[in-house]
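Listed below are the residues making up each chain.
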Amino acid sequence: MSAGLLGLIAVTLAAAITEIMMPGEAHKGTRHFLHFLTALTVLVLLLRPFLSLVDLSGGFLRGEVEWVEEESAPDFQAQLEKAVAERSTVMLREGLKAYLSEKCDLSPEHYELRIQLTEDGALAHVSVRLRGAGLLRDPDKIDASLRELLKCEVEVR
């Protein structure tokens, strides 16, 4: 709301300064055009809070709409199985980071991830330690989601 008010003040101030700088009657048409532009800008600034209440396509007006295709969603199960088969903890870690980021809405700075493999390369234990904003997430949901995906011992705290 304060941004709208500051915008309203800035527009009217700019219009007033521009009008003061125009000399005499020679620019009468320009003044009408300036009054029209000022009125249009003020109208948009005044109607902006009401447009958000109506929510006409919401994020589209703010440029937040993204086109997402369902087929392009990554198959986390296949990626993680491939990482375990290749005994690659780096690939497994990257796959789990992508999964936690997309499915659990956790960014990497909000958790610490530890992975333990058995001697034969099978996944033995995954530990996720939440910190910062990650503490606001439900650890039971994350635990259940990872247990279902990995089918191994998981600890989320």
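That block above? That's the structure.
Described in the following lines is the structure provided in the data block. If you're wondering where the values come from, they're calculated on a predicted model, not measured in any experiment.

1. A word on the overall build of the chain
Piece 1. Counting its secondary structure elements, the chain contains six helices and three strands.
Piece 2. Start at the N end of the chain and walk to the C end: the helices and strands fall as α-α-α-α-α-β-β-α-β.
Piece 3. Buried residues in the chain amount to 25% of all 157 residues.
Piece 4. Contacts in the chain between residues at least 24 apart in sequence constitute 46% of all its contacts with a sequence separation of at least 6.

2. So, the nonpolar core
Piece 1. Ranked by size, the top nonpolar core spans 21 residues in total, and within it Leu96, Leu100, Val126, Val128, Ile142, Leu146 and Leu150 carry the most contacts.
Piece 2. Excluding residues that lie within four positions of it along the chain, Val126 makes contacts with Leu96, Leu113, Arg114, Leu150, Cys152, Glu153, Val154 and Glu155.

3. Quick look at the pairing of strand β2 (residues 123-130)
Piece 1. Where burial is concerned, most of β2 is hidden: six out of the eight residues are buried.
Piece 2. Taking the residues that link successive antiparallel strands as the turn, the strand β1 (residues 111-117)-β2 hairpin has five residues, and the phi of Gly121 there is positive, at about 95°.
Piece 3. Summarising the sheet, β2 and strand β3 (residues 153-156) pair through four bridges and their orientation is parallel. Among the inter-strand pairings, Val126 is bridged to a residue of β3, identified as Val154.
Piece 4. As a crossover connection, the stretch from β2 through helix α6 (residues 139-150) into β3 is right-handed.

Criteria and cut-off values
Residues numbered from 1 in each chain as written. Predicted model: local features only at pLDDT ≥ 70, side-chain atom pairs only at ≥ 80, totals over all residues. Heavy atoms only, no water. Helix = DSSP H or I, 4+ residues; strand = E, 2+ residues; numbered from the N terminus. Buried < 20%, exposed > 50% of the residue type's maximum accessible area, 1.4 Å probe, protein only. Contact = heavy atoms within 4.5 Å. Core = buried A, V, L, I, M, F, W, Y, C linked by side-chain atoms within 4.5 Å. Pairing = 2+ DSSP bridges. Right-handed = clockwise from strand over helix to strand, strands pointing away.

By themselves, these are just geometric observations and shouldn't be taken as functional.
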